[in-house]
Amino acid sequence: MNSAQQLLRAQRDLLLNWTRDHPAPLLRWLRDAEVLSSAHYLSLLERSPSNAVAQALETVCASEESSQKFLQVLWEVQDYYCRDLQVWVERHCRSGTDGRPSPAPVKFEVPISAHKTTLLKRTEQLKCYSEGEGEASNSASHIEIRYTDLFVTEDNDLVDSSQHEYFDLASRRARIYVHQACQRIRPCHLLSPQGASGRPPKRVKVKGIAGIGKSVAVQRLVYEWALGKNMREFTCVFDLRFRELNLIEAPLSFLDLLGDRFRYLKTVLPDLFASPSSLLFILDGLDEFKFHLDWNTPDKDIDVGSKVPVSELMVALIKGSLLPEASVILTTRPSTEVPKRFFQRCCVVLGFEEDQVKEYTSKFYKDTKVAEKVYDYILSNDNLFVLSFIPLYCYIICTAMAEFFSSGTQDGGDAKSLELNPPRTVSEVYFCYLFTAIKHHALKGSAERSTPRSEVLSLAKQQLTNLGKLAYENLLKKKIMFDRADLQRYGVAPADVQSTFLCQILQPLKEETVEMFSFFHLTVQEHLAALYCVISLSNQEDIIQALDFWCFGQPPPSPTATPLQNTHLNMDKLEGLQMFTRFFMGILRARLAGQLDGLVCSPMEQGEGLPAELGLWFQAQFKGRKLENQEALNLLHCLMEFHMKEATSIAAPEIKKLNLFKMKLSVVDCAAMHYVLQFSPHKLQELNLGYSNIGNRGLSRLAPILHRCESLYLRYNCLDRQAAILESAILKSNECQVKKLFMCGNNLGPEGVLELWNALEHNTTVEELYLDITGITERGTENIVNCLSKNTSLKTLTIVGNDIGEVGRKRLRELEQRRPGLRIIGNFVDDLGLLQAYLDWVEEIRADRDQMDSVKNADALQSVLKGLQVAGERAEGEEAAKAKELQAKIMELFKSFPDLTGGR
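The model shown is predicted, which means the values in this text are computed figures rather than measured ones.

**Some points on the overall build of the chain**
- When helices and strands are counted, the chain shows 40 helices and 15 strands.
- Within the chain, the proportion of its 904 residues that are buried is 58%.
- Partitioning the intrachain contacts of the chain with sequence separation of at least 6 by distance along the chain shows that 77% fall at a separation of at least 24.
- Summed over all atoms, the accessible surface of the chain reaches about 37200 Å², with 49% contributed by carbon and sulfur.

**Digging into the packing of aromatic side chains**
- Taken as a whole and judged by the stated rule, the model has 30 aromatic pairs.
- Between Tyr393 and Tyr430, the ring centres sit 6.2 Å apart and the planes meet at 80°, which makes this aromatic pair edge-to-face. Of this pair, Tyr393 sits in helix H19 (residues 391-405) while Tyr430 sits in helix H20 (residues 426-442), and the two are 37 residues apart along the sequence.
- With relative accessibility at 1%, the residue Tyr393 sits in the buried group.
- Ring plane angle 10° and centroid distance 4.8 Å describe the contact between Tyr691 and Tyr716, whose orientation is recorded as stacked. Taken as a pair, Tyr691 in the loop between strand E10 (684-688) and helix H32 (695-706) and Tyr716 in the loop between strand E11 (709-713) and helix H33 (721-732) lie far apart in primary sequence, 25 residues in all.
- Cluster of aromatic residues (ring-pair linked, three or more members): Phe352, Tyr360, Phe364, Tyr365, Tyr395 and Tyr433.
- Taking the ring centre of Trp225 as reference, the NZ or CZ of Lys116 above it sits at 5.1 Å.
- The ring of Phe262 is capped by Arg261, whose NZ or CZ atom sits 5.1 Å from the centre of that ring.

**Describing the packing of helix H3 (residues 24-32) against helix H4 (residues 38-45)**
- Where H3 meets H4, the axes come as close as 9 Å, and the angle between the chain directions of the two elements is 170°. One element, H3, and the other, H4, form an angle in the roughly antiparallel class. Where H3 approaches H4, its residues Leu27, Arg28 and Arg31 are matched on the opposing element by Ser38, Tyr41, Leu44 and Leu45.
- Here the residues of the contact of H3 with H4 are counted per class, giving 4 nonpolar, 1 polar and 2 charged.

**Details of the sheet that holds strand E2 (residues 203-207)**
- With mixed pairing, 6 strands are arranged side by side in an open sheet as E1-E6-E2-E5-E4-E3. A strand with exactly one partner marks an edge of an open sheet, and here the two such strands are strand E1 (152-154) and strand E3 (236-241). With direction set aside, neighbouring strand axes in the sheet form an average angle of 20°.
- Bridge count between E3 and strand E4 (residues 279-284): 6 bridges; the pairing is parallel. The residue bridging Phe238 from the neighbouring strand is Phe281, located in E4.

**Notes on the pattern of salt bridges**
- The final tally for this structure, using the stated rule, is 35 salt bridges.
- For the salt bridge of Lys229 with Asp32, the shortest nitrogen-to-oxygen distance reads 3.0 Å. Separated by 197 residues along the polypeptide, Lys229 in the loop between helix H11 (214-226) and E3 and Asp32 in helix H3 bring together distant segments of the chain.
- Judged by relative accessible area, Lys229 falls into the partly exposed class, the value being 25%.
- A salt bridge links Asp486 to Arg489, with the shortest nitrogen-to-oxygen separation between them at 2.9 Å. Of this pair, Asp486 and Arg489 both sit in helix H23 (residues 484-489), 3 residues apart, roughly one helical turn.

**Some remarks on the environment of Gly695**
- Examined against the element boundaries, Gly695 turns out to sit in helix H32.
- For Gly695, a relative accessible area of 10% translates into the label buried.
- With 30 residues separating them in the primary sequence, Gly695 and Leu665 have C-alpha atoms 9.3 Å apart.
- Look past the residues within four positions of Gly695 in its chain and what remains in contact with it is Asn717, Cys718 and Leu719.

**Here we look at the side chain of Asp239**
- With respect to the helices and strands, the residue Asp239 is situated in strand E3.
- Take Asp239: its relative accessible area is 5%, and that puts it in the buried class.
- Discounting residues that sit within four places of it in the chain, Asp239 has contacts with Leu119, Arg122, Val222, Arg261, Phe262 and Ile282.

**Considering unusual backbone geometry**
- The backbone phi angle of Lys662 is positive, close to 60°, even though this residue is not glycine.
- Mapped onto the elements of the fold, Lys662 is located in the loop between strand E9 (657-659) and helix H31 (667-677).
- A relative accessible area of 26% means that Lys662 is categorised as partly exposed.
- Phi angles above zero are rare outside glycine, and Tyr716 is one such case at about 45°.
- Assessed through its relative accessible area of 7%, Tyr716 is described here as buried.

**Digging into the environment of Ala729**
- As for its placement among the helices and strands, Ala729 is situated in helix H33.
- Using a relative accessible area of 48% as the deciding quantity, one classes Ala729 as partly exposed.
- Along the backbone, Ala729 and Ala703 are 26 residues apart, and their C-alpha atoms lie at a distance of 9.5 Å.

**Observations regarding the pairing of E3**
- Burial analysis of E3 places 6 of its 6 residues in the buried class, which makes it a mostly covered element.
- On E3, burial covers both faces: Cys236, Phe238 and Leu240 on one face and Val237, Asp239 and Arg241 on the other are all buried.

**Some details on the nonpolar core**
- Ranked by internal contacts, the top residues of the largest apolar core, which has 230 residues, are Trp550, Phe584 and Trp757.
- The greatest single-element share of this core, amounting to 11 residues, is contributed by H19.
- Excluding residues within four positions of it along the chain, Trp757 makes contact with Leu769, Leu771, Gly780, Thr781, Asn783, Ile784, Cys787, Leu788, Leu797 and Ile799.

**Some words on the pairing of E10**
- Summarising burial for E10: 4 of the 5 residues are buried, a large majority.
- Here E9 runs beside E10; their pairing, made up of 3 bridges, is parallel. By the bridge assignment for E10, Leu658 is matched with Leu687.
- For the segment spanning E9, H31 and E10, crossover handedness is right-handed.
- As judged from the 4 bridges shared by E10 and E11, these two strands associate in the parallel manner. Bridge pairing links Leu684 to Cys709 in E11.
- Handedness of the crossover joining E10 and E11 through H32 is recorded here as right-handed.

**Some details on helix H27 (residues 578-592)**
- Between its terminal C-alpha atoms H27 stretches 22 Å, which fits the 21 Å expected from 15 residues at 1.5 Å a residue.
- With 13 of 15 residues buried, H27 lies mostly within the body of the structure.
- Gly594 lies just past H27 and shows a positive phi near 80°.

**As for the sheet that holds E10**
- Strands sit in the order E9-E10-E11-E12-E13-E14-E15 across an open sheet of 7 strands; the sheet is parallel. Lying at the two open borders of the sheet, with one neighbouring strand each, are E9 and strand E15 (823-825). With strand direction ignored, the average angle separating the axes of adjacent strands in the sheet is 10°.
- Note: strand E12 (residues 740-742) against strand E13 (residues 768-770), 3 bridges, orientation parallel. Looking at the pairing, Phe742 lines up with Tyr770 of E13.

Parameters and conventions
- Residues numbered from 1 in each chain as written.
- Predicted model: local features only at pLDDT ≥ 70, side-chain atom pairs only at ≥ 80, totals over all residues.
- Heavy atoms only, no water.
- Helix = DSSP H or I, 4+ residues; strand = E, 2+ residues; numbered from the N terminus.
- Buried < 20%, exposed > 50% of the residue type's maximum accessible area, 1.4 Å probe, protein only.
- Contact = heavy atoms within 4.5 Å.
- Areas by Shrake-Rupley, 256 points an atom, 1.4 Å probe, with all protein chains shown as cover.
- Phe/Tyr/Trp six-rings, centres within 6.5 Å; stacked < 30°, edge-to-face > 60°.
- Lys NZ or Arg CZ within 6 Å of the ring centre and 35° of its normal.
- Axes fitted to C-alpha atoms, helices over the stretch in contact; angles between N-to-C directions.
- Parallel < 35°, antiparallel > 145°, perpendicular 65-115°, else oblique.
- Nonpolar A, V, L, I, M, F, W, Y, C, P; charged D, E, K, R; others polar.
- Pairing = 2+ DSSP bridges.
- Salt bridge = Lys/Arg side-chain N within 4 Å of Asp/Glu carboxyl O.
- Core = buried A, V, L, I, M, F, W, Y, C linked by side-chain atoms within 4.5 Å.
- Right-handed = clockwise from strand over helix to strand, strands pointing away.
- Expected span 1.5 Å × (residues − 1).

As structure tokens, this is what we get:
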């Protein structure tokens, strides 16, 4: 017989003819067989299909070894191709498959092959919003080129529904990153065996906010299965989207549902259902389902032939009363809750990690130098860095940045209109994205790239106004999906969604016969809503009334401005407007700076006095309301986005106390606090950031203002030695006004605390210092006597829960003798109030599962137990009773949550 190399050369045209229409399976298997390098494989995906196969065959025919491997691969992928190729494979490839027998014929092999081919064609392109509905012109939209893996971890299934879902996610990430040695789960391993049982889960829930990448991850799973590269234990995978299921009004059976959706499988469905354990159902986007789901009614006797409403079919499938042996992956946004008891695994998608942002950026730009510049810029800007972990934010940032970092910026262009500087605030990023979209579409085919920005914006004025009104009025109703009638009611032509810049903003959701539209990300809707309000509100009074309404739910008394008329807002919807109000303030600044010329016809009435007027409004809120947590933080962000010194200088001095306890703050939140508080000339009576997870990076953003905080609460903030060094520098400062410093529950360690003792030697302001459970050892007490005996201001030092040993305790006794005015609490039984505080803390942890999941709290509880055992022998009376009660409650807590102790 001829060699494999000769055979392929002789039959090249025939093979090309059979495979060129659909090269994906062949090319991927050749890459995995190391016949093609990864770089070569990706470059082939960018070519036309016939060109790609021709190039691959040329590479393959270069050696006998690669030709042999090609024949083996062809044997594996023959089912994806025509019958003629399969006959050819039978004849020529037997000797090339290491003597492996042909697979046993399966009665539904042909329909399954058709199913896989259909799924591959449907999933191999990633939607690129800049390309509209036509053929994707950007080759990087192939899933293998653009897809970047996501950060997925186990979910404790709590949702803080009072927060905008983006802020809730930011909190979750902050907690998981620092507190948990979390298990990262690649999307392809969602159904891998887990726990001691080693059994794969049958029901898996995947939760994540809009734009975080759930649907893309599911698309990738389906693509990998259809390629034969993942989840090969399943004979068939069915992917169902809830927005398609919305169309089913009449009762139907599960057989009918799947038969209609996958017509080529209709004849073999009964055979497939005969072995349900080999079936996987992927149910995508439960939050888009319009029918009510009743999770609490008793299970009905539903089988695959029962005709019932589609909502009952979905409940039965998810609960496992229908096809219990089948596997199910469900995706949903956090706002739509499904009881955890129906799932063996619950996961949360947290978007990208830093390395994945870098990978995404490098895939976005063909020019590696541009990719590096953009990534470095993102990394150096906290506002953008914190946004970039959401894949769709990443897309928006990369699109906006292309204008500044690509080689095309030398064409003169409208550089001044974008202020010669890349955007730094969130509002600026979104406005740049919007302007880029309008500019490229408005000037399509025109050589005049230097058209002034006001002209470009005026071309799109009517469309932007209509679109903004649609965005705003539906944001107040929490409505995110629209049909043709909705668009037409607001003067948005559905045809424009394909042909104008709207294709970068509105996403057509075309599935079979359903046609809906949505903004491709919730924040794009919020940004356009804010833009509409900024161009519609023309005087100070309207703007002040609007802020009262959006931030605090106060309806305007006699509204004249359109955005304030006929508006009804439930208090529970206020939290959903936080991002919108920040955008509003950022775009308002752009209007005052003349950057919206072309969109607005006349200057704003009393525009010159507006910054001062707004400063007085913010001042009144901080003065007249007891603001804390999300409300206070949102106002700080609004001031940062407005970024006008005149307004912030009026508002900031009114902030005497800032309580953000348990808020889980990101670095951007710390940047907003710093931005506003730097304009306050006086001391801050209290800054409470306990349990806020700010970490060293957040603390360093706040460093320039911390010396002015009289009471500074930094408990449980994932701080370490670096934070102790930073805090020591503050205590040494001549301007230091800190009187109470709470550092409990941070891992300062012996080296960190030595720095603090040194700083306190000359500090004259600190009166109370709390260092419970901060990892102090005997070494950490080496200079305590020498330094603190010279200190004159310190009155209370709490140092319980640290393993300082007998030598450390001896040093504390010596310090007590040398500083009789200093009260040292070294044991839990030394202070009844302290014991009660820890009892309250344990109760708080029991009530808050989210806290209980924190590894740091588990370690802290262990430290408290150890301290109680050491101190228990010397306790008497009421202290002894309280100490015993605390010990018992901690033991009880560990029994309730055995996973916390990690087998200790």
